[in-house]
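Each chain is listed here by its residues.
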Amino acid sequence: MNKKQREGLRLEKSKEVFSWIKAILIAVILAFLIRTYIFAPIVVDGESMMPTLQDHERIVLTKFGTNIDNIDRFDIVVFHATVDKDYIKRVIGLPGDHIEYKDDTLYINGKAYEEPYLDKYKKQMAGVPLTESFKLEDITGSMTVPEGQLFLMGDNRQNSLDSREIGTISVDEIVGKANLVYWPINEIKLVN
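Values in this document were obtained by computation on a predicted structure and should not be read as measured data.

**Here's the deal with the nonpolar core**
Considering soluble globular proteins, one finds that nonpolar side chains tend to be buried as a cluster. Among the nonpolar cores identified, the biggest contains 16 residues, and Ile92, Ile99, Leu106, Phe134, Phe151 and Met153 are the most heavily contacted of them. Taken together, the elements giving at least two residues each to this core come down to β5 (99-102), β6 (105-108) and β9 (149-153). When sequence neighbours within four positions are dropped, the list of residues in contact with Phe151 reads Arg90, Val91, Ile92, Gly93, Ile99, Phe134, Leu136, Ile139, Val145, Ser163, Arg164 and Thr168. Ranked by size, the runner-up nonpolar core spans twelve residues in total, among them Ile76, Ile88, Val181 and Val191.

Right, dumping it as structure tokens:
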């Protein structure tokens, strides 16, 4: 092999190495962008969303479209509760809603709502209310959920630190919506 051939071979190898480095960098940047702005895996920490979500289940969180126009009543969302801690809860009240629980029934703007995701726990309570009666104004001092805020509650109503204690949550604190449980594998399901 002469000098020109060796030089050509070295140049070809350099191009291949550069091509691999470029492909790896693009993959890392795409993974970062997807995880930061579109989807993220999270681990459920605690029992506040039982029976819907179990402690240590892994879920996919959709991060895009978490403005007030894309959040619906009964969506399950993750939000920044403190600088170090995120919570996962269900959206009960949207801006302008009046929230009341009476005799273990949810009333929004005077209309009773079914909460089928609570049926399992309600059966276990043997007639004892799962959710204690309250009115929004007794908790927050406001008749309705303020603009840009949400009223959030955990499904495990007797074991959940939620808007009943910490008040309404700013939409700006929402990290994303829970969509899919992907682990454990035998528990794969859409979140609703």
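**Overview of the pairing of β9**
Of all five residues in β9, five are buried; the element is thus mostly enclosed. Burial along β9 is two-sided: Gln149, Phe151 and Met153 facing one way and Leu150 and Leu152 facing the other are all buried. Here strand β4 (residues 86-93) pairs with β9 via three bridges, running antiparallel. Paired with Gly93 across the strands is Phe151, a residue of β9. Sheet topology note: the β9/strand β10 (residues 169-170) ladder contains two bridges and is antiparallel. Residue pairing across strands places Gln149 opposite Ser170, the latter belonging to β10.

Quick notes on the rules
Residues numbered from 1 in each chain as written. Predicted model: local features only at pLDDT ≥ 70, side-chain atom pairs only at ≥ 80, totals over all residues. Heavy atoms only, no water. Core = buried A, V, L, I, M, F, W, Y, C linked by side-chain atoms within 4.5 Å. Buried < 20%, exposed > 50% of the residue type's maximum accessible area, 1.4 Å probe, protein only. Helix = DSSP H or I, 4+ residues; strand = E, 2+ residues; numbered from the N terminus. Contact = heavy atoms within 4.5 Å. Pairing = 2+ DSSP bridges.

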